[in-house]
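As a plain string of letters, each chain reads:
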Amino acid sequence: MSPGSTAHHPGTRFRSDIQGLRALAVLLVLLYHAGLPFVPGGFVGVDIFFVISGFLITSGLLSRIQEHGRLDLVDFYGRRVRRILPAALVALIGTVLLTLAILPRSRWDAIATEATGSVLFVVNWILGQGSTDYLRQDEAASPLQHYWSIAVEEQFYLLWPLVLILVLVVARWRHAGQEQPDAGGSRHRAASSLAVVQRQWIVGAAVVLFIGSLVHSVHLTAVNPGMAYFATTTRIHELGVGVLLALFAPRLAHLTRRWALTLGWAGLAAMIGAGVFFSGATSFPGAAALVPTLGAAAVIVSGLNARERSGVGSLLSLRPVTVVGDLSYSLYLWHWPLIVMATFLFGGLTWYVGLVAAALAFLPAWASYRWVERPFQRWPLVRPPWKAIQLGLAASLAVIVGTASLDVATSRTGPQDWQPPTYAEALDEAAEDQAGQSGEPGQPTTSDRAAESDGGGEGAEAAPALLGGELLQTDPEAALGHTPVEALLPGADAVDLDLPEVYAQDCVQSDRETDPLACTYGPDDAEFRVALTGDSHAAHWQAAVNRLAAENGWQVSTYLKSSCPLTSGQVMLEGDAFSECEQWNAGVMEELRAGDYDLVLTSSFLYQAPVDQTPVPEGQAAAWNALEEHGIPVGVIVDPPIPGYNIPECIETHPDTYVQECGFAETEAETSGSDQQRAALERASSAAPLDMVDGICPEGTCPAVIGSVVVWRDQNHLTSTYAESMAPWLGEVLEGQGLVPSLQ
C-alpha cells in the first residue's frame, strides 16, 4: 500500500465471471419475484449483489490508496453518481408515471413518500418501519420496494470510505513515532512498514464491522424480522464479505488451481441451493445469509489470478450470460415495477403472468443500459467528479421536488391523526341527503321505503335515516343497491383509514409485546362490564361493542394484540412459534379472572399451531372453558367470510360496476377463522357462538358495499363504520344467547 506503487489490486481488472455472477443474482431475483415455485429463496440474489459490490468497490479504494497513499472522496462519490444515479432516477420517474397511470389513487401517497425516500437513499428504513406496522402488513407491495437494496449500498458507501480515511490517519499517527532515516532504501522500508500498519488497521476495521453487523443481524432477525430484512446495520456484514475478500485477494490469488476450481463449483452450488431451498419461512438475513454470500465469495476467489474463464468461470463467462450481467442493474430497477403493475391489472400474480412481466422488463432494461447507463458514464460533462456530483445533486433535487409535491397533493393522515366521522354524524349526513332527495319525482327515500315496509300510508311517521348493516336489517332491497362512489362512507380514498379508535389510542399491542394492556371505555360505576380480547379481527368489532355499551351503560375494556388469538395453546407467526402471544395470553387470562367481568367477547382470524403442540381449536376451547369455570361467560364472534382481495381498491377501479365486480359469493370466500372457531366451540363447555354472517353476506352474497357503507377496509378487516352499523345485529345475538341484560 505504499504511495506510488504501480501494482494494481487484483480486484480492479474486468472479470467476465463476475458479470456472469451478476446475471445469476438478477435472474434469481427475477424468478423469485415472478412467483416461480422452484426458487422460493430467490431473494438471495440481492445478497450476491452485496458481495460483488463490496469486493469491487473496496478493491478500487485499495488500489487508490496503493497509488496515492490517500483517498479522494470527491473522485469516489463522483464515480458512484455516474454509476448509480442516472439509471435509478430514470427508473424511479418511470415507476411514478406508471403508478399515476395504473394504480389506484389510494396508493399514490405511500408511493410518493417511498419515491422521495428512494432518491435520498433512505427508503429501506421507511419500508422497514412499514414491515413492523401491523396496519400496513396487508398493503400491496410498493413498486419501489426494490430500491431498499440500493439504499443499503449507498449508505454503506457513505460510511466505508470515511472509515478508511480515519484508519489511514490513525495508522500514520501511530507510525509517526518511528525514525525517518535519510537513506533511500531506509525510506522505502519505512514506507513499506507504514503500508503494513495501514493494512492491519483496515483489516481490523473491516473485521469489527463484519462481526458487529453479523451479531446484530442474528439478534434482530430473531426479534424483529421485518426490520432486520431492510436495515442497513443487518446487511453490512454481507457487504463486509466482499470487503474482506478484497483485502485478502492478493493472498487468495495464490491458491492452487485445484482448490480454486473446487471453491468455484461449491460456491455456485451454495447460491443455487439457497435459491431453491430457502423460503419466506427461513430466518433471514441472520446467519442464513452467510450461505449465498460465502458462495458468491467462493466464486470470486476461484476467478482470481486470471482464472475467470476456468471451472465455474467458463460457465459464467458465456456471452449470453455476461449480456444479462451487463443489463443486471437496469434489469433489477425495471422488473419489479412491471411485476407490481401486472399484479394489480390481473388481480393477482400467477407464475406465468409474473414470468411474462419479468421478460418484458428486458426491454426498458436494454433501453436504460443503451441510452442512460453507458452514455452517462462516458459523458464528457460529468467526467470531472465534482461536475458529476453537482449534476447528480441538481437532478436529485428536481426529482425530490416532484415526488414531495405529489406526496403533499395525495397525503392522507394515518390512524393516529385521522378519525372517521362518527356513525351519528354519518346518519345526520344521510338524513340531510335524503331530505334533499325527497322532492325529486321517482326517487323514493329510505324513509319512504321503510314506511311502506311497515305498512304505513299517508300520515305515517317517517323512519329515521339508516346506513350499513342497520339499513340491511330494515330494508334488504335498499341496502344492496348501487351508491355513487362519491357518496360512499367512508370516502373511497380513505377506507383503509377507517379504523376503530383502539388503534388511534395505541390499544392494539404489537406482535412483540408480552405484557397485556387494558384500555377502558364507559363509566366506572357501570353495573355490567365487558372485556373484548383477541387479535385484529376482534379489534374490528370494537365500534359495535362500544356503541352497545354507550347505549346501555356498560363498561368495556379491551385486551387486543396483533396476530394473537385468545388461547391457552401456542400459535405460529411467520413460520415460528409465537412465544410472545403465549406470554401475553397468560397475562390476559390473569387479568380477566381478576377483573370482575360479566362477559368476555372474543374473535380471531385463522392460525396454525406448531406441529408438536396442541391444535388451535383445542387451545382456544381450553381458554374459554377456564373463563367459564371462573364464572365469566364467553361469547365468540364468529369470523365472517372474507374477500381475500383489497375491496377499496376494487371499488376505486370499478366505480360504476363495483356491485358486480367487487362482491363475492359466501361459498367462494377465502378461508377465515370461522371453521377453527366452530371446531373450538364444539369442544367448549358453554361458550356461545355469535354469528352475524347474515348482516355481512345476506342470502349467501357478500357485497362490497351495504347501505352506502363500504364493508371491508382491506382484504379481511371490516371498516369501523360498518362494524358500528352492525351493533343492532350484535345486540340481538347477545340478547338471544342470554349473555347481556335486556337492551334499551
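Quick note: structure is the one above.
Residues numbered from 1 in each chain as written. Predicted model: local features only at pLDDT ≥ 70, side-chain atom pairs only at ≥ 80, totals over all residues. Heavy atoms only, no water.

### Digging into the overall build of the chain
If you tally the helices and strands in the chain, you get 30 helices and 13 strands. When each of the 744 residues of the chain is scored for burial, the buried share is 54%. For the chain, contacts bridging at least 24 residues in sequence account for 81% of all contacts bridging at least 6. (Helix = DSSP H or I, 4+ residues; strand = E, 2+ residues; numbered from the N terminus. Buried < 20%, exposed > 50% of the residue type's maximum accessible area, 1.4 Å probe, protein only. Contact = heavy atoms within 4.5 Å.)

### Re the pattern of salt bridges
In this structure the tally under the stated criterion is 14 salt bridges. The shortest N-O distance in the salt bridge between Asp17 and Arg15 comes to 2.7 Å. Like Arg15, Asp17 is buried. The salt bridge involving Arg512 is made with Glu580; its shortest N-O contact spans 3.1 Å. (Salt bridge = Lys/Arg side-chain N within 4 Å of Asp/Glu carboxyl O.)

### Comments concerning the packing of helix α1 (residues 16-34) against helix α11 (residues 290-302)
Running from amino to carboxyl end, α1 crosses α11 at an angle of 160°, the nearest separation of the two axes being 9 Å. In terms of their interaxial angle, α1 and α11 are classed as roughly antiparallel. The interaxial crossing formed by α1 with α11 has right-handed handedness. For the pair formed by α1 and α11, the contact residues are Asp17, Ile18 and Leu21 on the first element and Ala296, Val299 and Ile300 on the second. (Axes fitted to C-alpha atoms, helices over the stretch in contact; angles between N-to-C directions. Parallel < 35°, antiparallel > 145°, perpendicular 65-115°, else oblique. Left-handed = near helix turned anticlockwise from the far one by under 90°.)

### Things to note about the pairing of strand β8 (residues 634-637)
Burial along β8 is two-sided: the face carrying Val634 and Val636 and the face carrying Gly635 and Ile637 are both buried. Pairing analysis gives three bridges linking strand β7 (residues 599-603) to β8, with the strands arranged parallel. Bridging across to β8, Leu601 finds its partner in Gly635. For the crossover from β7 across helix α25 (residues 616-629) to β8, the handedness is right-handed. (Pairing = 2+ DSSP bridges. Right-handed = clockwise from strand over helix to strand, strands pointing away.)

### Here's the deal with the state of the cysteines
Across all of its chains, the model carries four disulfides by this definition. The partner cysteine of Cys564 in its disulfide is Cys581, sulfur to sulfur 2.0 Å. Classification of the bridge connecting Cys564 and Cys581 rests on its S-S torsion, roughly 85°, and on that basis the disulfide is right-handed. On the criterion of sequence distance, the pair formed by Cys564 in the loop between β4 (555-561) and β5 (572-573) and Cys581 in helix α24 (residues 579-594) is long-range, its members being 17 residues apart. Note on accessibility: Cys564 and Cys581 belong to one class, buried. Two residues share a disulfide in this structure: Cys697 and Cys702, whose sulfurs sit 2.0 Å from each other. Negative torsions about the S-S bond denote left-handed disulfides, and the value of about 105° found for Cys697 with Cys702 makes this one right-handed. Exposure remark for Cys697: the relative accessible area of 1% places this residue in the buried category. In the chain, numbering the disulfide-bonded cysteines from first to last in sequence yields the connectivity 1-2, 3-4, 5-6, 7-8. (Disulfide = S-S within 2.5 Å.)

### Remarks on helix α9 (residues 236-252)
Look at α9: 22 Å from first C-alpha to last across 17 residues, which is about the 24 Å you get at 1.5 Å a residue. Bending of α9 peaks at approximately 40° at the position of Ala246, with proline Pro250 no more than four residues after it. Where burial is concerned, most of α9 is hidden: 13 out of the 17 residues are buried. (Expected span 1.5 Å × (residues − 1). Bend = angle between axes of the 7 residues up to and from the residue.)

### Description of the nonpolar core
By size, the foremost hydrophobic cluster in this structure holds 113 residues, and its most contacted members are Leu21, Tyr147, Trp160 and Ile202. Val495, Cys650, Phe664 and Trp729 belong to the second-largest nonpolar core, a separate cluster that totals 64 residues. (Core = buried A, V, L, I, M, F, W, Y, C linked by side-chain atoms within 4.5 Å.)

### A look at a nonpolar patch on the surface
Nonpolar side chains collect at one region of the surface, where Phe376, Trp379, Leu381 and Leu391 lie side by side and expose about 330 Å² of accessible area between them. When you line up the elements, Leu391 lands in helix α16 (residues 385-410). Residue classification places Leu391 among the partly exposed residues on the basis of a relative accessible area of 34%. (Patch = residues over 30% accessible without salt bridge, like charges linked within 9 Å, V, L, I, M, F, W, Y side chains within 5 Å. Areas by Shrake-Rupley, 256 points an atom, 1.4 Å probe, with all protein chains shown as cover.)

### Quick notes on the environment of Ala543
Note that Ala543 resides in helix α23 (residues 542-552). Its relative accessible area of 11% is what places Ala543 among the buried residues. It is 8.6 Å that separates the C-alpha atoms of Ala543 and Ser725, two residues lying 182 residues apart in sequence. Not counting residues up to four positions away in its chain, the partners in contact with Ala543 are Ser720 and Glu724.

### So, helix α3 (residues 73-102)
For α3, with 30 residues, the first-to-last C-alpha span of 41 Å sits near the 44 Å given by 1.5 Å per residue. Where α3 begins, the capping side chain belongs to Asp72, and its oxygen is found 3.1 Å from the backbone nitrogen of Val74. (Polar contact = N/O pair within 3.5 Å; in protein donor to acceptor, adjacent residues only side chain to side chain.)

### Considering the side chain of Ser328
Examined against the element boundaries, Ser328 turns out to sit in helix α13 (residues 319-345). By relative accessible area, which is 3% here, Ser328 ends up buried. Polar side-chain contacts of Ser328 include one of 2.7 Å to the backbone oxygen of Gly325. When residues no more than four places from it in sequence are discounted, the contact partners of Ser328 are Arg22, Val26 and Phe49.

### Considering the packing of α13 against helix α15 (residues 362-378)
With their axes 8 Å apart at the nearest point, α13 and α15 run at an angle of 125° to one another. Comparing their axes, α15 and α13 come out oblique. As for the relative orientation of α13 and α15, their crossing is right-handed in sense. Between α13 and α15, the contacting residues are Val324, Asp326, Leu327, Tyr329, Ser330, Leu331, Trp334 and Leu338 on the first element and Phe362, Pro364, Ala365, Trp366, Ser368, Tyr369 and Glu373 on the second. In terms of residue class, the contact of α13 with α15 is built from 11 nonpolar, two polar and two charged. (Nonpolar A, V, L, I, M, F, W, Y, C, P; charged D, E, K, R; others polar.)

### Structural notes on the environment of Pro648
On the secondary structure map, Pro648 appears in helix α26 (residues 647-653). Sequence-wise, Pro648 and Asp496 are 152 residues apart; in three dimensions their C-alpha atoms are separated by 7.3 Å. With near-sequence residues (within four places) excluded, Pro648 lies in contact with Val495, Trp712, Arg713 and Asp714.

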